[in-house]
Amino acid sequence: MSCLRVGHDELLARGMSLPGLARRASALAQLPPLGLLTIAATAPADWDIDLVSDDGRDDEADIVDRILHHRPDVVAFSCLTPAVDRAARISALVRRQRVSEKRIVTVVGGLHATAAPSHCEPHFDVVTSGDGEVTLPRLLSDIVAGQMQLRYSANGSYCLAKSPTPRWDLIGPDAPPRYTLQTMRGCPWACSFCAASRLLGLPRTKSNDQIERELAAITAMRQRPWIELADDNTFASDRDHGPMLDALRQCGARWFTESDWRIAERPDLLRQIAASGCRQILIGLESSVFRYRGMGAKTAAWQRMIDAVDVIQAAGIIVNACFIVGADGETPESIERLGDYLETASMGEVQLTLQTPFPGTSLYDSLKAAGRLLPGDFSRYTLFDVVYQPDQMTAEQLQNAFHDLVSRVFRDDVQRRRDKIQKSIRAIARTR
Ligand code: SF4
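The model shown is predicted, which means the values in this text are computed figures rather than measured ones. Within each chain, residue numbers correspond to sequence positions counted from 1 in written order. In keeping with the model being predicted, local features are shown solely for residues with a pLDDT of at least 70 and side-chain atom pairs are shown and tallied solely at 80 or more, while totals for entire chains, interfaces and linings include all residues. Side-chain descriptors were evaluated using all non-hydrogen atoms of the structure, hydrogens and water having been removed beforehand.

K.L.:
Tell me about the packing of helix H4 (residues 60–68) against helix H5 (residues 84–95), and name the residues and values.
P.N.:
Axis angles are defined between N-to-C directions and span 0 to 180 degrees, where every axis is a line fitted to C-alpha atoms and, for a helix, only to the segment in contact. In this description a helix means any DSSP run of H or I spanning at least four residues, a strand means any run of E spanning at least two, and both kinds are numbered starting from the N terminus. Orientation of H4 relative to H5, taken along the N-to-C sense of each, is 55°, at an axis distance of 10 Å. Put simply, H4 runs oblique to H5. Helix-helix and strand crossings are classified by hand; for H4 and H5 the assignment is right-handed. Across the interface between the two elements, Glu60, Ile63, Val64 and Ile67 of H4 pack against Arg86, Arg89, Ile90, Leu93 and Val94 of H5. Amino acids outside the nonpolar list (Ala, Val, Leu, Ile, Met, Phe, Trp, Tyr, Cys, Pro) and the charged list (Asp, Glu, Lys, Arg) are all regarded as polar, and Gly is one of them. Within the contact of H4 with H5, the residues separate by chemical class into six nonpolar, no polar and three charged. When describing relative orientation, an angle under 35 degrees is termed roughly parallel and one over 145 degrees roughly antiparallel, while 65 to 115 degrees is termed roughly perpendicular and anything else oblique. A crossing counts as left-handed when the near helix is turned anticlockwise from the far one by less than a right angle, and as right-handed when that turn is clockwise. Should any heavy atoms of two residues lie within 4.5 Å, those residues are counted as being in contact.

Here it is in structure tokens:
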């Protein structure tokens, strides 16, 4: 279950139709579900596996029909926090059905199930936590043996170098416009708002051979593919990135990833990244008013990070600068100042989200302990809806200021200005 979700009607009306956001939403919708394709490859060969994707737009009953069409014994869901309540409703509909007089078992896994298993338990027969490469084979073997448990968890010690090549065949005959490839799982930092960095265990990397195998599988389906690296912070590990970047260059890929700004201060690495076909990097500049705990060496003075953006773009790579709005210390005036800055800033692309305390993060724990979480279910945890009490303004003021910011930053003329910047950066890339 994927895609960008927005709960707030006004933002939906004002912001999500704006070109910048619509473009990113469409790019996200094109991404194949790498986690499911990967764990599908760990199932024993005598299990038939089918994939049903849900971007949240179809009627839930239609999704259930598409699932039941395959006459399943087991239905495994993978979803992030904002989609989990929808997954729970679909699970309830599926659990009412029987196939050949047998009950269908529903299972949920992924980051939300790992962070908040007790929230999932009432809605699914089985909840799995941690690396799916460990939990799914154990679950399937127990089902065959008639010994199914209600909870399965991996302890984070799974060797990522053993992760199988994803089952791309499950996507069907039409090649997706974008492929995904994970080169590392986790991140050495532990930014207090980030659920991805440590939840599945300490950071681990794939071997160069494995990355080459996955690239070969992708290029067998499409020449010169577009690839999104499904990493949390690709260049934060201490691996030698040379072989991996060589492999990307040799297969002619154009690719996108997430990293931190410090690659700008490693000129040799930056040159290799640019030469390997990297077209865009999402860089978290995070909050303009607050420095989160756990950011380690990624914490820096604002101007040093902005200078880094310019260095990366001068190498021919578009920076998609990512800002979190609403951290402690934020006021309507500071949000307006951010808008002033972004209307003329040098980055080729911008991503704006509201601070969102996802379960499993220390931000969630601290806001919960302070009694600052607003009532309501997890479907509001979209990154675009205020779900906690800000410290310097009301929740409504923050939501309104965020709407105004989105309207300004993704306005046609401002987006056109960024498009021109992107064009000039692509011209640099063509001269390589
Ligand atoms: S650097 Fe990025 S991936 Fe790492 S903990 Fe911070 S936000 Fe998460």
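K.L.:
An account of a positive patch on the surface is needed here, citing residue identities and associated values.
P.N.:
Exposure above 30% relative accessible area and no salt bridge define the residues that can form patches, which grow by joining like charges within 9 Å and nonpolar side chains of Val, Leu, Ile, Met, Phe, Trp and Tyr within 5 Å. Areas reported here follow the Shrake-Rupley algorithm with a probe of radius 1.4 Å; residue values treat only the protein chains shown as occluding. Salt bridge, as applied in this entry: a Lys or Arg side-chain nitrogen positioned within 4 Å of an Asp or Glu carboxyl oxygen. For the charge count, each Lys or Arg is scored as positive and each Asp or Glu as negative, with His and the chain ends excluded. For this purpose, a charge sits on NZ of Lys, CZ of Arg, CG of Asp or CD of Glu. On the surface, Arg416, Lys420, Lys423, Arg426 and Arg430 cluster together into a patch of positive charge. Within the fold, lysine 420 resides in helix H16 (residues 412–430). For the exposure calls, accessible area comes from a 1.4 Å probe over protein chains only, and a residue counts as buried if that area is under 20% of its type's maximum, exposed if over 50%, partly exposed in between. Given the relative accessible area of 65%, lysine 420 is considered exposed.

K.L.:
Describe the packing of aromatic side chains, naming the residues involved and giving the relevant values.
P.N.:
Here a pair means two rings of Phe, Tyr or Trp (six-membered ring of Trp) with centres within 6.5 Å. Their orientation is stacked below 30 degrees between planes, edge-to-face above 60, and tilted elsewhere. If you walk through the whole model with that rule in mind, you get ten aromatic pairs. Aromatic pair tryptophan 168 and tyrosine 179: ring centres 5.2 Å apart, planes at 70°, arrangement edge-to-face. Residue tryptophan 168 is located in the loop between strand E6 (151–153) and strand E7 (179–181), and its partner tyrosine 179 is located in strand E7; the two are separated by eleven residues in the primary sequence. Taken as a pair, tryptophan 168 and tyrosine 179 share a single burial class, namely buried. Ring geometry for phenylalanine 235 versus tryptophan 255: centroids 6.5 Å apart, planes at 50°, classification tilted. Here phenylalanine 235, found in the loop between strand E10 (226–229) and helix H10 (242–250), pairs with tryptophan 255, found in strand E11 (residues 254–259); they are 20 residues apart in sequence, far enough to count as distant. What makes tryptophan 255 buried here is its relative accessible area of 0%. One aromatic cluster in this structure is built from Phe193, Phe290 and Tyr292.

K.L.:
Please set out the sheet that holds strand E5 (residues 126–129) residue by residue, giving values where relevant.
P.N.:
Only when DSSP finds a minimum of two bridges between them are two strands counted as paired. The four strands are arranged E1-E4-E5-E6 in an open sheet whose pairing can be described as parallel. Pairing within the sheet leaves two strands with one partner each, and these edge strands are strand E1 (74–78) and E6. For this sheet, the mean inter-axis angle between neighbouring strands, taken without regard to orientation, is 20°. In the sheet, E1 pairs with strand E4 (residues 105–109) via five bridges, with the strands oriented parallel. Note that in E4 the partner of alanine 76 across the bridge is valine 107. Each of E1, E4, E5 and E6 is contacted by helix H8 (residues 132–144), which is oriented at about 145° to E6, the strand it contacts most.

K.L.:
Would you mind going over the site of the ligand in detail, with residue names and values included?
P.N.:
Near is defined per residue: the residue qualifies when any heavy atom it owns lies within 4 Å of the molecule or strand. Lining the immediate environment of the ligand, one finds Cys187, Trp189, Ala190, Cys191, Phe193, Cys194, Ser197, Asp232, Asn233 and Lys298. Residue composition of the shell around the ligand, by class: six nonpolar, two polar and two charged.

K.L.:
Give me the UniProt feature "domain: Radical SAM core" (unreviewed entry) in the protein: which residues, what numbers.
P.N.:
UniProt positions are given in the numbering used here, feature names are shortened, and annotations may be inferred rather than shown by experiment. According to UniProt, the feature "domain: Radical SAM core" (unreviewed entry) maps to residues 173–385 in the numbering used here. Between the first and last C-alpha atoms of residues 173–385 the distance is 37 Å; the span itself is 31% helix and 19% strand.

K.L.:
If you had to explain the pattern of salt bridges to someone new, which residues and values would you point to?
P.N.:
Pairs can form between side chains of opposite charge whenever their charged atoms are close. Applying the stated rule across the entire model yields 26 salt bridges. Put simply, arginine 57 and aspartate 55 hold a salt bridge, and the shortest N to O gap is 2.6 Å. Classification of arginine 57 by relative accessible area gives exposed; the value is 64%. What makes aspartate 55 partly exposed here is its relative accessible area of 25%. Ionic contacts of the salt-bridge type, sharing partners, join the residues Asp340, Glu343, Arg408, Arg411 and Asp413 into one network.

K.L.:
How would you sum up the nonpolar core? Please name residues and give values.
P.N.:
Counting 96 residues, the largest nonpolar core has Ile227, Ile273, Met347 and Leu352 as its most contacted members. Two domains each provide a minimum of three residues to this core, namely domain 1 (9–31 + 176–430) and domain 2 (34–153). Aside from chain neighbours lying at most four places away, what touches isoleucine 227 is Tyr179, Leu181, Leu215, Ile218, Leu248, Ala253, Arg254, Trp255 and Phe256. Counting residues in each nonpolar core, the second largest holds twelve residues, with Ala43, Val74, Val107 and Val126 among its members. What makes a nonpolar core is a set of buried Ala, Val, Leu, Ile, Met, Phe, Trp, Tyr and Cys residues whose side-chain atoms join them at distances within 4.5 Å. All the domain ranges listed were derived from an automatic or database domain assignment.

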